[in-house]
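# Observations on the three-dimensional arrangement
Spelled out from the first residue to the last, the chains are:
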Amino acid sequence: MSFEGYNVEVRDRVKCISGVEGVPLSTQWGPQGYFYPIQIAQYGLSHYSKNLTEKPPHVEVYETAEEKDRAGRAGEWTVPKGCSLSTVLDRAKFTSVKQFVAPDSTEGVSLQLGNTRDFIISFDLKFLTNGSISVVLETTEKNQLFTVHYVSSTQLIAFKDRDIYYGIGARTGWSTLTRDLVTDLRKGVGLSNTKAVKQTKIMPKRVVRLVAKGRGFLDNVTISATAHMAAFFAASNWLVRNQDERGGWPIMVTRKLGEGFKSLDPGWYSAMAQGQAISTLVRAYLLTKDHVFLSSALRATAPYKLPSEQRGVKAVFMNRHDWYEEYPTSPSSFVLNGFMYSLIGLYDLKETAGEKLGREARLLYERGMESLKAMLPLYDTGSGTIYDLRHFMLGTAPNLARWDYHTTHINQLQLLSTIDESPIFKDFVKRWKSYLRGGRAKHN
């Protein structure tokens, strides 16, 4: 499935992109913010898809510390009194880098940028002490200057006057920091104590300069239109680092699906999260051939095999049909779109891992597809679709799918119809599309 239409980072329920982790922090079910694996996987998949569909970005190089690159647009450095800047050979990188010494009491060493075209900044960084890299932006807010500070702390985000702060961790070893200055500016100015980021019209007009403080090294300062693969690998690496010993990505927030369902306590797994994480990891493996990604994807099938009451994601409908739960509730909820995403992840894995390694994923996928074909009619109202089966499990009114979810159901079935030739998928796609145009099933 293609995710190029997703813009995860601009959602008002995304607090910010973490400076330490490089992935979105959700406030969907709690204003304090938490890492939501579904959102992180979608962030990765959206940038993966955009990288495929968009032309390569324009990249402006400002500093590489190499004399041979001086023909490019080398920026001008300003080194105030009490600071120093030198070009040194870094033996680990086998290249020259900029070494800076700029006590916090000084203005810091600064590199003129002056870019009015693009707003994705990237640089290689290594701190020897606590420090910060700040980016000064001229904005549409009466041409005022705002500064985004990337600080060697674990603070998530702060905003005061015209200064925005993101903690990026200690960074005592070489790492690349890639940041979308539009997102970082708007999330900072819109910072609130509620679930939603405040709406703001502010935009950057010009990237004025970069300012370094503390003691450390800088290299490869660039500004580009996009950096999709940096975002994709930030998500992929987060998934590898944060998978637990049970093969899952626990969701550390309470979720109450609705009246009649028991609350899910923090630490629950989601089949949709498992499936979309698998889809992300499989693509990272195909790009890099790094088995760390494939191994993580293979371990992620474990919760599919365990029932919800044993901290898995499996439910069984009418004692016959295996179902992988987006929300492993009691009683079971049978959410349709999350189930189909979980199947797409299993398909990606079985196709990539091969016959031997992918055997478990194939069996889980085949059992799930049998259930989908048997149960699809239960989600058809004759004029739209149903989000889940609470009306059957709880005896309540049906939970009708909003039109955006109805469209997602169609898109998912269209994809599945390309990998499984069963006529049921094409038949349902045709009928469900007709509902978008006002079509209705026949009456008696």
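Let me sum up the structure you'll find in this document. (Residues numbered from 1 in each chain as written. Predicted model: local features only at pLDDT ≥ 70, side-chain atom pairs only at ≥ 80, totals over all residues. Heavy atoms only, no water.)

### Considering the overall build of the protein
Summing up its helical and strand segments, the protein has 11 helices and 16 strands in all. For the protein, whose C-alpha radius of gyration is 25 Å, the value lies close to the compact-globule estimate of 22 Å for 444 residues. Principal axes of the C-alpha set define a box for the protein whose edges measure 85 × 50 × 40 Å. Counting across all 444 residues of the protein, residues that qualify as buried make up 54%. Accessible surface, the protein as shown: approximately 20200 Å² in total, 50% of it carbon and sulfur. Each charge class in the protein was averaged separately, 56 positive and 44 negative side chains, and the resulting centres sit 3 Å apart. (Helix = DSSP H or I, 4+ residues; strand = E, 2+ residues; numbered from the N terminus. Rg over C-alpha atoms; globule rule 2.2 N^0.38 Å. Buried < 20%, exposed > 50% of the residue type's maximum accessible area, 1.4 Å probe, protein only. Areas by Shrake-Rupley, 256 points an atom, 1.4 Å probe, with all protein chains shown as cover. Lys, Arg positive; Asp, Glu negative; His and termini not counted. Charge placed at Lys NZ, Arg CZ, Asp CG, Glu CD.)

### Regarding helix H3 (residues 228-242)
Relative to the 21 Å expected for 15 residues at 1.5 Å per residue, H3 spans 21 Å between its end C-alpha atoms, a close match to the ideal helical length. Taken together, the buried positions of H3 are occupied by His-228, Ala-231, Phe-232, Ala-234, Ala-235, Ser-236, Trp-238 and Leu-239. Looking at the buried side of H3, the elements it contacts are helix H1 (37-53), helix H4 (271-288) and helix H5 (291-299). (Expected span 1.5 Å × (residues − 1). Contact = heavy atoms within 4.5 Å.)

### Some remarks on the pairing of strand S12 (residues 163-167)
Here strand S10 (residues 145-151) pairs with S12 via 5 bridges, running parallel. Across the sheet, residue Val-151 finds its bridge partner in S12, namely Gly-167. Note that strand S11 (residues 157-160) and S12 share 4 bridges and pair antiparallel. The partner of Lys-160 across the bridge, within S12, is Asp-163. Hairpin connection from S11 to S12: 2 residues lie between these consecutive antiparallel strands, with Asp-161 at a positive phi of about 55°. (Pairing = 2+ DSSP bridges.)

### Quick look at the pattern of salt bridges
Scanning the model with the defined rule gives 16 salt bridges in all. One salt bridge in this structure joins Glu-138 and Arg-206, with 3.0 Å as the shortest N-O distance. Of the two residues, Glu-138 sits in strand S9 (residues 132-139) while Arg-206 sits in strand S14 (residues 204-224), which places them 68 residues apart along the sequence. The closest approach of N and O atoms between Glu-351 and Lys-350, which form a salt bridge, is 2.8 Å. Through salt bridges that share partners, Lys-93, Asp-124 and Asp-219 make up one connected network. (Salt bridge = Lys/Arg side-chain N within 4 Å of Asp/Glu carboxyl O.)

### Details of the nonpolar core
Generally speaking, soluble globular proteins have nonpolar side chains that are buried together. Ranked by internal contacts, the top residues of the largest apolar core, which has 79 residues, are Tyr-327, Leu-372, Leu-376, Tyr-379 and Trp-432. Each residue touching Tyr-327, except ones within four places of it in the same chain, is listed here: Trp-29, Tyr-36, Arg-255, Leu-257, Leu-264, Trp-268, Ser-333, Val-335 and Tyr-387. Formed by 36 residues, the second largest nonpolar core is a distinct cluster that contains Cys-16, Phe-100, Leu-111 and Ile-202. (Core = buried A, V, L, I, M, F, W, Y, C linked by side-chain atoms within 4.5 Å.)

### Quick look at the environment of Gly-382
Relative to the helices and strands, Gly-382 is located in the loop between helix H8 (359-375) and helix H9 (390-393). Residue Gly-382 is classed as buried on the basis of its relative accessible area of 12%. Excluding anything up to four places from it in sequence, Gly-382 contacts Tyr-435, Gly-439, Arg-440 and Ala-441.

### Examining the packing of helix H7 (residues 336-357) against H8
Contact geometry for H7 and H8: axes closest at 7 Å, N-to-C directions at 145°. Between H7 and H8 lies a crossing whose hand is left-handed. Between H7 and H8, the residues in contact are Leu-336, Phe-339, Met-340, Leu-343, Leu-346, Tyr-347, Leu-349, Lys-350, Gly-354, Glu-355, Lys-356 and Leu-357 and Arg-359, Ala-361, Arg-362, Leu-364, Tyr-365, Gly-368, Met-369, Ser-371 and Leu-372, respectively. Here the contact of H7 with H8 is composed, by residue class, of 13 nonpolar, 3 polar and 5 charged. (Axes fitted to C-alpha atoms, helices over the stretch in contact; angles between N-to-C directions. Left-handed = near helix turned anticlockwise from the far one by under 90°. Nonpolar A, V, L, I, M, F, W, Y, C, P; charged D, E, K, R; others polar.)

### Some remarks on the packing of aromatic side chains
All told, the structure shown has 24 aromatic pairs when counted by the stated rule. A centroid spacing of 6.4 Å and a plane angle of 85° characterise the contact between Phe-100 and Phe-127, whose relative ring orientation is edge-to-face. Taken as a pair, Phe-100 in strand S6 (residues 95-102) and Phe-127 in strand S8 (residues 120-127) lie far apart in primary sequence, 27 residues in all. When the ring of Tyr-304 is compared with that of Tyr-324, the centres are 5.0 Å apart and the planes differ by 70°; the resulting orientation is edge-to-face. Of the two residues, Tyr-304 is situated in helix H6 (residues 302-305) and Tyr-324 in strand S16 (residues 321-324); the sequence distance between them amounts to 20 residues. A relative accessible area of 0% places Tyr-304 in the buried class. The class for Tyr-324 is buried, based on a relative accessible area of 0%. One aromatic cluster is present, built from ring pairs that chain together Tyr-304, Phe-317, Trp-323, Tyr-324, Phe-334, Phe-339, Tyr-379 and Phe-392. The ring of Tyr-166 has Arg-179 sitting right over it, with the charged end atom 5.1 Å from the ring centre. The ring of Tyr-285 has Lys-289 sitting right over it, with the charged end atom 5.4 Å from the ring centre. (Phe/Tyr/Trp six-rings, centres within 6.5 Å; stacked < 30°, edge-to-face > 60°. Lys NZ or Arg CZ within 6 Å of the ring centre and 35° of its normal.)

### Observations concerning the side chain of Asn-337
Within the secondary structure, Asn-337 sits in helix H7. Ignoring any residue separated from it by four or fewer positions in sequence, one finds Asn-337 in contact with Met-272, Glu-326, Tyr-387, Tyr-405, Thr-408, His-409 and Gln-412.

### Re unusual backbone geometry
Peptide bonds are trans in most cases, and residues, glycine excluded, mostly fall at negative phi. Ser-330 connects to Pro-331 through a cis peptide bond whose omega is -5°. Among the structural elements, Pro-331 can be located in the loop between S16 and H7. The phi torsion at Ala-65 lies on the positive side, around 65°, for a residue other than glycine. The topology assignment puts Ala-65 in the loop between strand S3 (59-63) and strand S4 (77-78). One non-glycine residue, Arg-311, lies in the positive phi region at around 65°. Note that Arg-311 resides in the loop between H6 and strand S15 (314-317). On the basis of relative accessibility, which here comes to 39%, the residue Arg-311 falls in the partly exposed class.

All we've got here are geometric facts, nothing functional implied.
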